[in-house]
Amino acid sequence: MSSNRIRRTALAVVTAAAVAVIAAGCASAPESSGTSGAAGGYCARMVTNSGGLNDRSFNESSWAGMQQAAKADGIKVRALVSTGETDLAPNVKQAAESGCGFVLTVGYELADATAAQAKANPDVHFAIVDEVVEAGNVKPIIFDTAQASYLAGYLAAGVSKTGVVATYGGGNQPPVTLFMDGFVDGVAKYNEVHGTAVKALGWDVAKQDGSFTGDFEDISKGQTLTESLIDQGADVILPVAGQVGEGTAAAALEHPGVSVVWVDNDGYESLPAKYHPVLLTSVLKNTTDAVAGIIGSDVTGKFDSAPFIGTLENGGVALAPFHDLASSVPAALSTEIDGLKADIISGKLVVSSPSTPK
């Protein structure tokens, strides 16, 4: 994603008890400009996108980072949960005017509101996950997920029994298509190395177009689309669609031999245990540590607006363990993937996409 672009990218309901815990504190305003000072006077707010807090995706990972910062730095944090489009701008405004020195927003849906409130509140520091907002008091947190998805595509091609794999997204947006570009290019690399012809459904890298559900919340849409991909022979599927991806896992359970590559966090940890048998791996974004680290820097007065870009080299992106399906991954294939990872980190192999963050 270009750094000169502001774009827009996604039901969990937080119980009253959970909100009480989240909201505990933030009673006192930060010192002076709200950008540094003792932790006792520092607080931070997070605003979710419309997917809600427990989306098994980047809202959930971002909130874990806020909690990690609260524990490590002794600060007070609170999440403002958006459950629909009408919540977005008001929640960002409320967070910006809360008296806290740091506001984290999550996803493309909040880009415009973040830009507006950053301009209106120049003494407040903002960060936004998976988007770029250009302002001196906004730090983008973005990830080169194509690097890790490339490894996932190579893996998928290597374990496929049908010679057909697939991907789809929630919407045609750079943070989504970046995964898809890497995945399809990884399949192509496997074919190049092994002289095979594994087919990747759901995304055309050249045309930058493919299969999308149109939202990030309706699990039934994910299941319906996945059934169609399975009917076309796909036996490894990468959904890049937040909660919608659970529909892919549900469909895979009904079709022996079909497996799923999750995204953002480790699906083996975030999805219900019934899906463990179909989870091949996950393309990880280490949003949790990125958020915690950026807040920690802000607490000590070291905020800057240079984008944080997660890569394989800095651990911002990664491929999760194979968990229950480890026995389905030949040792030689695993070794090849380790080699590709090393080549990407060294620069010997460059994984690129029109949506590569800069």
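Chemist: Got a minute to help me understand the environment of T83 in this structure?
Modeler: Along the chain, T83 turns up in the loop between β2 (76–80) and α3 (85–96). Sequence separation of T83 and G51 is 32 residues, and the distance between their C-alpha atoms is 6.3 Å.

Chemist: I'm lost on the confidence of the model for the protein chain in this one. Help?
Modeler: Segments scoring low in pLDDT should not have their predicted coordinates read at a detailed level. Scored by pLDDT, the protein chain has a mean of 89; 89% of the residues are at 70 or more. Here residues 1–39 scores under 50 on pLDDT; set against residues more than four positions off or in separate chains, the count is 108 contacts.

Chemist: Could you clarify how one ought to interpret the pairing of β2 in this entry?
Modeler: One face of the sheet, then the other: side chains in a regular strand alternate in exactly this way. In this sheet, β2 lies alongside strand β1 (residues 43–47) in parallel orientation, the contact comprising five bridges. Residue pairing for β2: R45 is matched across the bridge by R78. As for the winding sense of the linkage, the β-α-β connection from β1 through helix α2 (residues 58–73) to β2 is right-handed.

Chemist: What should I look at first to understand the layout of surface pockets in this one?
Modeler: The computed volume of the largest pocket comes to approximately 280 Å³. Around the largest pocket, the lining is made up of 17 residues, and of these S61, N265, D266, K285 and T288 lie nearest the centre. Only α2, α9 (267–270), β12 (279–285), α10 (287–299) and β14 (317–319) provide two or more residues apiece to the lining of the largest pocket. Of all the elements, α2 adds the most residues to the lining of the largest pocket, at three residues. A per-class count over the lining of the largest pocket returns four nonpolar, eight polar and five charged.

Chemist: I'm lost on α10 in this one. Help?
Modeler: Think of an α-helix as 3.6 residues a turn; residues three or four steps apart then line up on the same face. For α10, spanning 13 residues, the distance from its first C-alpha to its last is 18 Å, which sits close to the expected 18 Å at 1.5 Å a residue. Those residues of α10 that sit buried are T287, T288, A290, V291, A292, I294, I295, G296, D298 and V299. On the buried face of α10, the contacting elements are α2, β3 (102–106), β4 (125–129), β5 (138–143), β12 and β13 (308–310). Backbone geometry just downstream of α10 places G301 in the positive-phi region, at approximately 80 degrees.

Criteria and cut-off values
- Every chain begins its residue count from 1, and numbering advances along the sequence as written.
- Local features in this predicted model are restricted to residues of pLDDT 70 or higher, and side-chain atom pairs are both shown and tallied only at a pLDDT of 80 or more, whereas totals for entire chains, interfaces and linings draw on every residue.
- Neither water nor hydrogens contribute to the side-chain values; these are computed over all heavy atoms in the structure.
- Helix and strand definitions here come from DSSP, where helices need a minimum of 4 consecutive H or I residues and strands a minimum of 2 consecutive E residues; each element is numbered from the N-terminal end.
- Per-residue confidence from the predictor is reported as pLDDT, a score between 0 and 100.
- Residues count as neighbours in contact if any of their non-hydrogen atoms are within 4.5 Å of one another.
- For two strands to be treated as a pair, DSSP must find at least two bridges joining them.
- Note on handedness: a clockwise path from strand one over the helix to strand two, with the strands aimed away from the viewer, defines a right-handed crossover.
- Space inside and on the surface of the protein is sampled on a 1 Å grid over the protein atoms alone, with a cavity defined as a set of points where a 1.4 Å probe fits but cannot get out and a pocket as an open set with protein on both sides within 12 Å along at least 5 of 7 lines; lining residues have an atom within 4 Å of a point.
- Grid points are joined across faces, edges and corners, and a volume is the space filled by probe spheres set on the points.
- Charged means Asp, Glu, Lys or Arg here, nonpolar means Ala, Val, Leu, Ile, Met, Phe, Trp, Tyr, Cys or Pro, and polar covers whatever is left, Gly included.
- In a helix, the anticipated span is given by 1.5 Å times the number of residues less one.
- In this scheme, a residue with accessible area under 20% of its type's maximum is buried, one over 50% is exposed, and one in between is partly exposed, where area comes from a 1.4 Å probe on protein chains only.

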